[in-house]
Amino acid sequence: MAHWSTFEKETERETKKLIRCVCGLAEDEDEEEPNFQLALKFAWSNFRFHRFLDVDSHKVQRSISGIYEKLMVHSEVSKADSWMRLTEEFLNSPLSNTNGTKTDIHYSILSLLLCLSGSPSNTNFTERPRMKEAEPEDSFDWPTYLMEGEDIDRGPFPDTPEWSEEESEDENGHQPISREDSGIQLDKTPQEDKDNASKTVPVTWTVGEPDARAWLERHVVTPYWVANGPRFAHSLHLHSNLLNVWDQHLYNTDPLYLPEEKAFLTETQVIRETLWLLSGVKKHFIFQHHDGKVSVRNNVVVTHLTSNCLRSVLEHIAVYGQAVSRLQRFIDEVTGHSPDVGPAGAGSAHPSKRGSEPPFRTYQAFVWALNKFFTSFKEELTTIERGLVCKDETVTLTAVLERLNPHLAQIKVLHKVFCTGIAEVPSETPNVVRASHLLNTLYKAIIEYDSIGEASEQTVALLFSLWTETVRPYLEIVDEWIVHGHLFDPAKEFIIQRNKDVPVNHRDFWYATYTLYSISETVESEMNDAASGSSGGDAAGTGNRQLTMVSFLKPVLKQIIMAGKSMQLLKNLHCRDRQQSEGSSRDAERKSLYTLFLESVQSRLCSQDASPAGTVTEQQATRRSLIKMQSIIAQHLQMDDLHDPLLAINFARLYLEQSDFHERFSKDDFTVDRSSQAVTCQTFELTLRSCLYPHIQKRYIECCGSLMKTLKKDYKLLEYLQAMRNYFLLEAGDTMYDFYTAIFDKVQEKESWQQPSFLNVQLQEAVGQRCPEDSSRLSVFLEAMDPARKKHPVNNLEVLTLSYKVPWPVDIVISSECQKIYNQVFLLLLQIKWAKYSLDTLRFSDFMDCTKKLEGAPADGVKAKEPVKQQIHRMCLLRVKLMHFVNSLHNYIMTRILHSTGLEFQHQVQEAKDLDQLIKIHYRYLATIHDRCLLREKVSFVKEAIMKVLNLVLIFSDRWQAGFGAWKIESIDKMESDFKNCHMFLVTILNKAVCRGSFPHLESLALSLMAGFEQC
């Protein structure tokens, strides 16, 4: 076995030990025995020709990570840290007879340990500190050993220290350099400065000593802010002494010139103070803060600039510093809830009376957006100052301002928005006006800067990001309202406020629960319709109304109000109880309205990244179309003697954007072909229309649809509407016939019928036979009537009032005002039914007995009068004429008005999307039948003529039943003349109305009455 390697020899030795250990053999047992050799061969065979797979390092690593995660889940942080650290140290440590780290042997050992481990998480483990063996120091004296036997010549003075080349170089460095022959002016430092620079003062200073700050001020930076401070060393080059040259020129040319005391600074110090000013620091030497304004110190100069030049640059910087100071002060007031208020000019946005109130959420969101901007801005300032400290490259004030120019332009825009939207708002303005005005200011600023074009893309992007952050509280309030039915607005900053005096289960909930504030005068009527009777609050005042309506919510304000009220009503209905558990589980997975809006905006603005090739092609096509449209519009402008190329470009761009909008909107594709940072005017409005409004519209459809379904299915809204038509509009003819004929019979029999007990018993009997569920809801009341109206018999029915008890929430639709209109139509129908019933119950047999009696009487009693048969004929003709009139009016009301209008109403009710729309449909239906039944004050003269005819019918019926002995023949002439006059008047009026086309529904009534009039 001479050819075996060391590893194989060690393996042979360890294998023999393993055999002895397993078989229980002693150390002195002979290894040459056959059994021992068989065991050795078996072990070697399994070592060399085993069927096990090699270790999988990835599987081992996953097991290690799994144990670590399990330990972290069990909150055993120390064990988890020890496990990861020790396994990592083991994998990165070399093993004996193995080269490298993280080898298969490493992972094999770890795999063996993992297989042997039972439950690592249940083991009590405490890591023991392991001391690393220190490497022994080599104390052997190698120089003595190596120099042994060597002779070294140390010279005549062996105790002299060794010579250093650095000292020689330092000594040579103090020698003056002559460059007079080079033609380049030599920079020389003043002699006293050179002497001071060459002197080194030994300083011993320890941290914590009283003079520590003085030592830093004396040795770290020159105290330029101290009066008569030491001058810094600078070059004597002409360019570095422009200030002295200019002062000398002024001294020579102006005899009255008097030099002033100046504070000399380096440009580096000016740059650093500029950076400090822009970062919000308020204590400076160059710049001074006074009453919120930043001014520049007069005596600050630099050697290479004139004082006027430096002052103009610093005043330009001070303007931006003042803007930063105002914005930073507002941020500190909101975030720190500072009750102290500075002067009016200091830019404070909160009045003193609001010092104890926390700022509302819209201001907090605006401050959060401002803080994000200033964080990135201060990072840029820090980067510049770090480069200034490192001195790796030359940094000038001009270069710094040029680098900060985009940021300064954005600060100017932010300060303008702050002044307009916050600082200029009066101190006593309510929060709702403040929030609305701020959002409107940002909204208008985006549109204003977008009109400039591509030059303001960064500004528009900044304003858009600022607007999206500021609008977050509003969208969260809307989301909470339309999702949970709870209008959470503790600071009263939302334009809709909850009236807590009206509970949800009140019948006026839908009309008086919410108040819409800050209504613009131009859209006041529209918003009142959207609020469905809500009282528009005058909180904003007359002067600020045009500024306080939130512009971006106008297109969906009605949907928000409807969805919010519908959701609150749904949460208080009984059917909501069984859905509450499901809704709470789904709400955890639901995304808020603000999150959905941001995701939609992100996908919309970044949609061009998905297809860059197509975008380039579309951009080229858009550019060619723009050039073509520009030339066409330029020709049109030249025809009107106008030569304005900028106007032509903007007209062409507007045309393309509008055509692009219509094309994309019709296809439901809102992909924007612009960079993700560019939000143009049309794009911004289109972004809201495609990214915000659809989410609100979807929630509106869900809430209102669910409410309508609940009212129709669970609360039988349609059945109650049909019941109102059945009983008030007499569509349930057989049921109501039993009720009103009982009254008419009492009247004909001259019996008293105006008794509530009698009326209610008759109504209950009539309704209880066919609709027992409605018998408990219907009732009849008697009201007092003017005694003057009792002269006409037809007016006696006006004391009746039919009432139907409608449960909540159906009474929101069928209100008491609606029942008043129903009662007016009901009384008109009852009067027509009374007249028709009176004529229908007349019999010809009543005249037969009277005729026989009159024929047997003496002839001298009737000689001067008409024959009896002729009088009966006249009465029958008048009865037929009256019946024709009453039947024409009855058919017009019951068929042309109530039936056809009722069919339209049923169709509209089925298509109603929300409760407010259903209420409007119901009111419109009642207004229509009220108008077409001639109950309006405008056509009261027509109704009076009809009532006169109906009263004539009742008088005629009464005299018919009384017989010839109870009335005179002249009364027939009077009734005929009165009927003829009323008939002629109605025919004339109705024909004129039909000819004008103002009342097309009256055409059938006019034709019917005209036919009866011609037969007369």
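So, how was this worked out
- Residues numbered from 1 in each chain as written.
- Predicted model: local features only at pLDDT ≥ 70, side-chain atom pairs only at ≥ 80, totals over all residues.
- Heavy atoms only, no water.
- Helix = DSSP H or I, 4+ residues; strand = E, 2+ residues; numbered from the N terminus.
- Buried < 20%, exposed > 50% of the residue type's maximum accessible area, 1.4 Å probe, protein only.
- Contact = heavy atoms within 4.5 Å.
- Areas by Shrake-Rupley, 256 points an atom, 1.4 Å probe, with all protein chains shown as cover.
- Axes fitted to C-alpha atoms, helices over the stretch in contact; angles between N-to-C directions.
- Parallel < 35°, antiparallel > 145°, perpendicular 65-115°, else oblique.
- Left-handed = near helix turned anticlockwise from the far one by under 90°.
- Pairing = 2+ DSSP bridges.
- Expected span 1.5 Å × (residues − 1).
- Arc of directions from axis to C-beta.
- Core = buried A, V, L, I, M, F, W, Y, C linked by side-chain atoms within 4.5 Å.
- Salt bridge = Lys/Arg side-chain N within 4 Å of Asp/Glu carboxyl O.
- Patch = residues over 30% accessible without salt bridge, like charges linked within 9 Å, V, L, I, M, F, W, Y side chains within 5 Å.
- Lys, Arg positive; Asp, Glu negative; His and termini not counted.
- Charge placed at Lys NZ, Arg CZ, Asp CG, Glu CD.
- Nonpolar A, V, L, I, M, F, W, Y, C, P; charged D, E, K, R; others polar.
- Polar contact = N/O pair within 3.5 Å; in protein donor to acceptor, adjacent residues only side chain to side chain.
- Bend = angle between axes of the 7 residues up to and from the residue.
- Disulfide = S-S within 2.5 Å.
- pLDDT = per-residue confidence, 0-100.
- Phe/Tyr/Trp six-rings, centres within 6.5 Å; stacked < 30°, edge-to-face > 60°.

Enquirer: Looking at this structure, I do not really get the overall build of the protein. What am I missing?
Expert: Of the regular secondary structure elements, the protein holds 38 helices and eight strands. When the 1016 residues of the protein are sorted by exposure, 39% land in the buried category. Taking contacts inside the protein between residues at least 6 apart in sequence as the whole, the part at least 24 apart equals 70%. Total accessible area on the protein is roughly 59,800 Å²; 53% of this is exposed by carbon and sulfur atoms.

Enquirer: Can you walk me through the packing of helix α29 (residues 733-748) against helix α32 (residues 816-840) in this structure?
Expert: A pair of packed helices is captured by two measures, namely the crossing angle of their axes and the spacing between those axes. With their axes 10 Å apart at the nearest point, α29 and α32 run at an angle of 60 degrees to one another. Relative to α32, α29 is oriented oblique. As for how α29 packs across α32, the hand of that crossing is right-handed. Residues Met736, Tyr737, Phe739, Tyr740, Thr741, Phe744, Asp745, Val747 and Gln748 of α29 form the contact with α32, whose participating residues are Phe826, Leu830, Lys833, Trp834, Tyr837 and Ser838.

Enquirer: For this particular structure, what's the right way to read the pairing of strand β8 (residues 800-804)?
Expert: Judged by how many residues are buried, β8 sits mostly within the fold: five of five residues are covered. Residues of β8 alternate between two faces, with Leu800, Leu802 and Tyr804 on one and Thr801 and Ser803 on the opposite face, all of them buried. As judged from the five bridges shared by strand β7 (residues 778-782) and β8, these two strands associate in the antiparallel manner. From the neighbouring strand, Leu782 faces β8, where its bridge partner is Leu800.

Enquirer: Would you mind showing me how to read helix α4 (residues 77-91) here?
Expert: The α-helix advances 3.6 residues per turn, and as a result positions three or four apart in sequence lie on the same side. Between its first and last C-alpha, α4 extends 21 Å over 15 residues, near the 21 Å set by a 1.5 Å rise per residue. Of the positions making up α4, those classed as buried are Lys79, Ala80, Ser82, Thr87 and Leu91. Relative to the axis of α4, the buried residues are bounded by an arc of 165 degrees and lie together on one face. Close packing links the buried residues of α4 with α3 (57-73) and α5 (104-116).

Enquirer: Just checking my understanding: could you explain the nonpolar core for this structure?
Expert: One broad rule of soluble globular proteins: the nonpolar side chains tend to lie buried together. Trp467, Tyr474, Phe494, Ile496, Trp510, Phe552 and Leu915 are the most contacted members of the largest nonpolar core, which totals 216 residues. When residues of this core are assigned to their parent elements, the largest contribution, 17 residues, is made by helix α34 (residues 868-911). In terms of nonpolar packing, the next biggest core, distinct from the first, is built from nine residues, Leu71, Ala80, Leu91 and Leu114 among them.

Enquirer: Help me understand the pattern of salt bridges in this model?
Expert: If charged atoms from side chains of opposite charge come close, those side chains can pair. The tally for this structure, following the rule as stated, stands at 22 salt bridges. Across the pair Glu88 and Lys102 runs a salt bridge, and its minimum N-O distance is 3.7 Å. Residue Glu88 is located in helix α4, and its partner Lys102 is located in the loop between α4 and α5; the two are separated by 14 residues in the primary sequence. Its relative accessible area of 40% is what places Lys102 among the partly exposed residues. Its salt-bridge partner being Lys416, residue Glu448 comes within 3.4 Å of it at the nearest N-O pair. Of this pair, Glu448 sits in helix α15 (residues 431-450) while Lys416 is found in helix α14 (residues 397-423), placing the two residues 32 residues apart along the sequence. One connected set of salt bridges, linked through shared partners, spans Arg361, Arg472, Glu476 and Glu493.

Enquirer: Would you explain a negative patch on the surface in this entry?
Expert: A surface patch of negative charge is lined by Glu29, Asp30, Glu32 and Glu33. Tracing the backbone through its elements, the reader meets Glu33 in the loop between α1 (6-23) and α2 (34-48). You can call Glu33 partly exposed: its relative accessible area is 36%.

Enquirer: Would you take a moment to explain the packing of helix α36 (residues 940-962) against helix α37 (residues 970-996) for this structure?
Expert: Remark: α36 packs on α37, axes separated minimally by 10 Å, with the N-to-C direction vectors making an angle of 155 degrees. Taken together, the axes of α36 and α37 lie roughly antiparallel to each other. For the element pair α36 and α37, the recorded crossing hand is left-handed. Touching Phe941, Val942, Ala945, Ile946, Lys948, Val949, Leu952, Ile955, Phe956 and Arg959 of α36 are Ser971, Met975, Asp978, Phe979, Cys982, Phe985, Leu986 and Ile989, all from α37. Tallied by class, the residues present in the contact of α36 with α37 amount to 14 nonpolar, one polar and three charged.

Enquirer: Would you take a moment to explain the side chain of Glu380 for this structure?
Expert: With respect to the helices and strands, Glu380 occurs in helix α13 (residues 361-390). You can call Glu380 buried: its relative accessible area is 19%. Look past the residues within four positions of Glu380 in its chain and what remains in contact with it is Arg403, Leu404 and His407.

Enquirer: Is there a simple way to think about the side chain of Thr468 in this case?
Expert: If you trace the backbone, Thr468 turns up in helix α16 (residues 457-470). Within polar-contact distance, the side chain of Thr468 engages the backbone oxygen of Ser465 at 2.7 Å. Excluding residues that lie within four positions of it along the chain, Thr468 makes contacts with Tyr594, Phe597 and Leu598.

Enquirer: Can you help me understand the environment of Thr801 in this one?
Expert: Considering the arrangement of structural elements, one finds Thr801 in strand β8. Distance in space between the C-alpha atoms of Thr801 and Ser779 is 8.5 Å, their sequence separation being 22 residues. Only 3.2 Å separates the side chain of Thr801 from the side chain of Glu783, close enough to count as a polar contact.

Enquirer: Sorry, what's going on with α34 here?
Expert: Taking 1.5 Å per residue, 44 residues should reach 64 Å; α34 reaches 63 Å between its end C-alpha atoms and fits that length. The sharpest bend along α34 reaches about 25 degrees and sits at Tyr892.

Enquirer: Got a minute to help me understand the environment of Phe7 in this structure?
Expert: Looking at the element boundaries, Phe7 is found in helix α1. Taking the C-alpha atoms as reference points, Phe7 and Asn97, 90 residues apart in sequence, are found 7.6 Å from one another.

Enquirer: What should I look at first to understand the state of the cysteines in this one?
Expert: This structure, assessed with the given rule, holds zero disulfides. We note that Cys21 lacks a disulfide partner, and the nearest cysteine sulfur, in Cys23, lies 9.4 Å from it.

Enquirer: I keep staring at the confidence of the model for the protein and nothing clicks. Help me out?
Expert: Regions with low pLDDT should not have their predicted coordinates read in detail. Considering every residue of the protein, the mean pLDDT works out to 75; 71% of them sit at 70 or more. Helix α19 (residues 524-530) is the least confidently modelled element of the protein, averaging 40 in pLDDT, while α14 averages 91, the highest of any element. Throughout residues 163-203 the model reports pLDDT below 50, and contacts reaching past four residues in sequence, or to other chains, amount to 18 contacts. Considering only residues more than four positions removed or in separate chains, one finds that residues 608-616, a stretch of pLDDT under 50, has eight contacts.

Enquirer: I tried to follow the packing of aromatic side chains on my own but got confused; where do I start?
Expert: Geometrically, a pair of aromatic rings is defined through the distance of the ring centres and the angle of the planes. The tally for this structure, following the rule as stated, stands at 22 aromatic pairs. The interplanar angle of 75 degrees and the centroid separation of 5.7 Å between the aromatic rings of Phe330 and Tyr363 together place this pair among those described as edge-to-face. Here Tyr363 lies in helix α13 and Phe330 lies in helix α12 (residues 307-336), a separation of 33 residues in the sequence. Judged by relative accessible area, Tyr363 falls into the buried class, the value being 0%. Consider the rings of Phe728 and Phe826, whose centres lie 6.3 Å apart with planes at 70 degrees: the pair is edge-to-face.

Enquirer: What's the story with unusual backbone geometry in this structure? I'm lost.
Expert: Trans peptide bonds make up most of the peptide bonds, and negative phi angles are found at most residues other than glycine. Residue Pro809 follows Trp808 across a cis peptide bond; omega there is 5 degrees. Backbone geometry places Lys102, a non-glycine residue, at a positive phi of 55 degrees.

Enquirer: Help me out: how do you make sense of a nonpolar patch on the surface in this one?
Expert: On the surface, a nonpolar cluster with roughly 480 Å² of combined accessible area is contributed by Ile105, Ile109, Leu112, Leu113 and Leu116. Assignment of secondary structure puts Ile105 in helix α5. By relative accessible area, Ile105 is classed as partly exposed at 41%.

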